[in-house]
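# Reading the structure
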Amino acid sequence: MSLPRTLIWSSALSALLVAVVVVSAALGYADIGPLEVAYVLLNAIRLPGLDGTSPVWTRPFHFEVASSTALIVRQIRLPRIVLGAIVGFALALAGTVMQGFFRNPMADPSIIGVSSGAAVGAVAFIVLPLSVPFGRAAFAFCGALVAAFAVYAIATEGGRTPVATLLLAGVALQTFLGAVISFLLLNAGDNLETAVYWLMGHLHDSTWGRVRLALPVVVLLFTILIAYARDLNVLLLGEDDAHTLGIEVERTKRVLLATSSVVTAAAVAVAGVIGFVGLIVPHMMRLVVGPDHRVLLPTSALAGATFLVATDTVARSGPAEIPVGIVTAALGAPFFLYLLRKREVHAL
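First things first, this report covers the structure right here in the doc. (Residues numbered from 1 in each chain as written. Predicted model: local features only at pLDDT ≥ 70, side-chain atom pairs only at ≥ 80, totals over all residues. Heavy atoms only, no water.)

With that settled, the discussion passes to the packing of aromatic side chains. Counted according to the given criterion, the structure contains five aromatic pairs. Summarising the aromatic geometry, the rings of F89 and F222 are spaced 5.1 Å apart at their centres and angled 70° between planes, so their arrangement reads as edge-to-face. Taken together, the residues F89 in helix α3 (residues 67-102) and F222 in helix α8 (residues 208-227) connect sequence positions 133 residues apart. The interplanar angle of 45° and the centroid separation of 5.6 Å between the aromatic rings of F125 and F139 together place this pair among those described as tilted. Pair noted here: F125 is in helix α4 (residues 114-127) and F139 is in helix α5 (residues 135-155), with a separation of 14 residues, a long-range link. Every member of this aromatic cluster is reached through a ring pair, and the members are Y39, F61 and F63. (Phe/Tyr/Trp six-rings, centres within 6.5 Å; stacked < 30°, edge-to-face > 60°. Helix = DSSP H or I, 4+ residues; strand = E, 2+ residues; numbered from the N terminus.)

Here it is as structure tokens:
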């Protein structure tokens, strides 16, 4: 029964994502209609074909669109929208895994210090005179992975990694990394504004290059996590029951932890620290589609993509652009408090 439900919900959420993307690409200083945006997107489609015996890519659509309109949509708005969708997809995916892993609806992708590690790496790159390939994104990604590995190493003893110890180690490391970030900011000098802006989470300098960096990582790890959806369902019963049912508990925990950490690292590295997407979106989708991770993982990821594209559209549509992390927090926190008041936040 899970496959038909997954296909139905995923198709509906994919259609919603496409609609939000078209509307978002139409909004901006230049007046572009949604229909023109749709034409640009359709004109960009390439299908494989043959020219005699040689493989070629053909365009099935040839709508008339002004070259300036196509340029604005393809090179200015779409990179930001697509990167926002990837980041939202990744954060909601990681949040879903973390909530299942810890069996706690309050868990999110930053719970084991991944976001704090990325923040240390990015701020260090901004503050210090450093020069490396891929720059800030590379430092943020490496910082996130180091933080995740450190938490795992601290929490693991005798080949076992108790979830409670992992959680406490993550909280302790987040506190320490917060102090490191504060020290770096204190010595940031002229780079303080840049560092603080990055910490707020933003998509304003998105490029197709960043999309090409993040997309393969997120797609690959999404495939791995989908393969472990059933195991994650079984882990919800408890580690002893999962072991009885044939799950290699410690190995599965390592894979889930490592994969969700890398997904989070990829998202934070290209967009900064964007909160609440990985907390509120999985919880909302769990209320709608239920706790089965074979359905919950893809639907939460698609809902996260849609949510971040929509919130970033709000962030850039006012008189002055604001970081999208502010908007996600401003929208997410009141809604979560509403759920608390309605008593709809419960144990998994």
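Attention now goes to empty space enclosed by the protein. Taken as a whole, this structure holds one cavity of 30 Å³ or more when the rule is applied. Estimated volume of the largest cavity: approximately 70 Å³. For the lining of the largest cavity, a count of residues per class yields three nonpolar, one polar and three charged. (1 Å grid on protein atoms, 1.4 Å probe; cavity = no way out; pocket = protein on both sides within 12 Å on 5 of 7 lines; lining within 4 Å. Points joined across faces, edges and corners; volume = space filled by probe spheres on them. Nonpolar A, V, L, I, M, F, W, Y, C, P; charged D, E, K, R; others polar.)

The biggest cluster of nonpolar side chains holds 101 residues, and the ones touching the most others in it are V87, F102, I112, L166, L256, I274 and V281. Here this core takes 18 residues from α3, the largest share from any one element. Look past the residues within four positions of L256 in its chain and what remains in contact with it is V97, F101, L225, Y228, L232 and L235. (Core = buried A, V, L, I, M, F, W, Y, C linked by side-chain atoms within 4.5 Å. Buried < 20%, exposed > 50% of the residue type's maximum accessible area, 1.4 Å probe, protein only. Contact = heavy atoms within 4.5 Å.)

Applying the stated rule across the entire model yields nine salt bridges. For R160, the salt bridge goes to E239, with nearest N and O atoms at 3.6 Å. In this pair, R160 sits in the loop between α5 and α6 (163-186) while E239 sits in helix α10 (residues 239-244), placing the two residues 79 residues apart along the sequence. For E239, a relative accessible area of 19% corresponds to the buried category. The partner of D292 in a salt bridge is R294, with the nearest N and O atoms 3.0 Å apart. Look at R294 and you get partly exposed, because its relative accessible area is 40%. (Salt bridge = Lys/Arg side-chain N within 4 Å of Asp/Glu carboxyl O.)

Let's shift gears to helix α13 (residues 293-316). With 24 residues, α13 extends 34 Å from end C-alpha to end C-alpha; this agrees with the ideal 34 Å at 1.5 Å per step. Taking burial as the measure, the 24 residues of α13 include 21 buried ones, the bulk of the element. (Expected span 1.5 Å × (residues − 1).)

Moving on: a nonpolar patch on the surface. Together, L192, V196, M200, I322 and I326 make up a nonpolar patch on the protein surface, roughly 350 Å² of accessible area in all. Here the element with the most residues in the nonpolar patch is helix α7 (residues 192-200); it accounts for three residues. As for its placement among the helices and strands, M200 is situated in helix α7. Relative accessible area serves as the criterion here: at 33%, M200 is assigned to the partly exposed category. (Patch = residues over 30% accessible without salt bridge, like charges linked within 9 Å, V, L, I, M, F, W, Y side chains within 5 Å. Areas by Shrake-Rupley, 256 points an atom, 1.4 Å probe, with all protein chains shown as cover.)

The geometry of a pair of packed helices is captured by two quantities: the angle between their axes and the separation between those axes. Where α5 contacts α6, the axes come no closer than 9 Å and their chain directions differ by 135°. On the basis of the axis angle, α5 is oblique to α6. Classified by chirality, the crossing of α6 by α5 is right-handed. From α5, A147, A150, V151, Y152, I154 and A155 reach across to α6, where they touch T165, L166, A169, G170, L173 and L177. Here the contact of α5 with α6 is built from residues that sort into ten nonpolar, two polar and no charged. (Axes fitted to C-alpha atoms, helices over the stretch in contact; angles between N-to-C directions. Parallel < 35°, antiparallel > 145°, perpendicular 65-115°, else oblique. Left-handed = near helix turned anticlockwise from the far one by under 90°.)

This part takes up the environment of N43. Here N43 shows up in helix α2 (residues 34-43). Under the relative-accessibility criterion, N43 is labelled buried at 5%. Sequence spacing of N43 and L236 is 193 residues, and the spatial spacing of their C-alpha atoms is 46 Å. Those residues in contact with N43 that lie beyond four places of it in its chain are R59, F61, H62, F63, V65 and R74.

The next thing to look at is unusual backbone geometry. Both trends apply: most residues other than glycine have a negative phi, and most peptide bonds are in trans. Positive phi, close to 55°, is recorded for R103, a residue that is not glycine. Within the secondary structure, R103 is located in the loop between α3 and α4. Although it is not a glycine, F276 adopts a positive phi angle of roughly 75°. In this structure, F276 sits in the loop between α11 (249-271) and α12 (277-289).

Now for the side chain of T69. Structurally, T69 can be placed in helix α3. Given a relative accessible area of 10%, T69 falls into the buried group.

Space inside the largest pocket adds up to approximately 350 Å³. G28, Y29, R80, R316 and E321 are, among the 14 residues lining the largest pocket, the residues nearest its centre. The element contributing the most residues to the lining of the largest pocket is α3, with four residues. Tallied by class, the residues present in the lining of the largest pocket amount to five nonpolar, five polar and four charged. Here the second largest pocket defines a volume of roughly 200 Å³. Along its surface, the second largest pocket is lined by 13 residues, and L17, A85, I86, F89 and A305 are the ones closest to its centre. For the lining of the second largest pocket, the secondary-structure elements that each account for two or more residues are α1 (2-26), α3, α8 and α13.

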